[in-house]
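Here are the chains, one letter per residue:
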Amino acid sequence: MKNSTTFFRRIHMGQLLMVFFLLATGADSSSQATANPVRLNQVGFLPKAQKLAVITAAATVDSFALLDQQQRVVYRGALSTETKSEWSPLKTRVADFTSFASPGVYTISIQGLAASW
């Protein structure tokens, strides 16, 4: 009897851990739908390193802007053409701002979309 009780406790604990994992990772459709469409390295970029952001929502414009903390435009660039990955249903565009090398805190702004975090 003791072995069967332990077995059922393990199954129950495994189910609870799976539910916790799904909730903690945002594996529900509502969190995915409200995610920011501008994806980039949240830690930052080195001034001379490659700097890319991936846009996961349909942009109605072909350009992006980098804004400083006072919301002034400090850089403008062109978005890549739309691409679909063979591993994802998302169609994405890339904002390449590698040539911008001024240290600071910036956000990426694309007309009609939420700014980056």
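Refer to the structure presented above.
Every value quoted in this text rests on a predicted model; they were computed, and no experiment measured them.

A sheet is described by the order of its strands in space; here 4 strands give the open sequence 1-2-6-5, paired in antiparallel fashion. The sheet is open, and its two edges are formed by strand 1 (38-39) and strand 5 (83-84), each paired on a single side. Looking at chain direction, strand 2 (residues 52-55) and strand 6 (residues 91-96) are connected through 4 bridges and run antiparallel. Looking at the pairing, Val54 lines up with Val94 of strand 6.

The subject of this paragraph is the packing of aromatic side chains. Two measures describe an aromatic ring pair: the distance that separates the ring centres and the angle between the ring planes. Under the counting rule described, the total for this entry stands at 5 aromatic pairs. Where Phe45 meets Phe97, the ring centres are 5.4 Å apart and the plane angle is 85°; that geometry is what we call edge-to-face. Taken together, the residues span a long stretch of sequence, with Phe45 in the loop between strand 1 and strand 2 and Phe97 in the loop between strand 6 and strand 7 (107-109) at a distance of 52 residues. Residue Phe45 is classed as partly exposed on the basis of its relative accessible area, which comes to 29%. Classification of Phe97 as buried rests on a relative accessible area of 5%. On the numbers, 5.0 Å between centres and 90° between planes, the contact of Phe100 with Tyr106 is edge-to-face. Residue Phe100 is classed as buried on the basis of its relative accessible area, which comes to 11%. An aromatic cluster of three or more residues is present, and its members are Phe45, Phe64, Tyr75, Phe97, Phe100 and Tyr106.

Counted by the stated rule, this structure contains 2 salt bridges. Note that Asp62 is salt-bridged to Arg93, the shortest N-O span being 2.8 Å. Of the two residues, Asp62 sits in the loop between strand 2 and strand 3 (63-67) while Arg93 sits in strand 6, which places them 31 residues apart along the sequence. Overall, the relative accessible area of 54% leaves Asp62 in the exposed class. Since its relative accessible area comes to 9%, Arg93 is described here as buried. One salt bridge connects Arg72 with Asp68, and the closest N-O pair in it is separated by 2.8 Å.

Parameters at a glance
- Residues numbered from 1 in each chain as written.
- Predicted model: local features only at pLDDT ≥ 70, side-chain atom pairs only at ≥ 80, totals over all residues.
- Heavy atoms only, no water.
- Pairing = 2+ DSSP bridges.
- Helix = DSSP H or I, 4+ residues; strand = E, 2+ residues; numbered from the N terminus.
- Phe/Tyr/Trp six-rings, centres within 6.5 Å; stacked < 30°, edge-to-face > 60°.
- Buried < 20%, exposed > 50% of the residue type's maximum accessible area, 1.4 Å probe, protein only.
- Salt bridge = Lys/Arg side-chain N within 4 Å of Asp/Glu carboxyl O.

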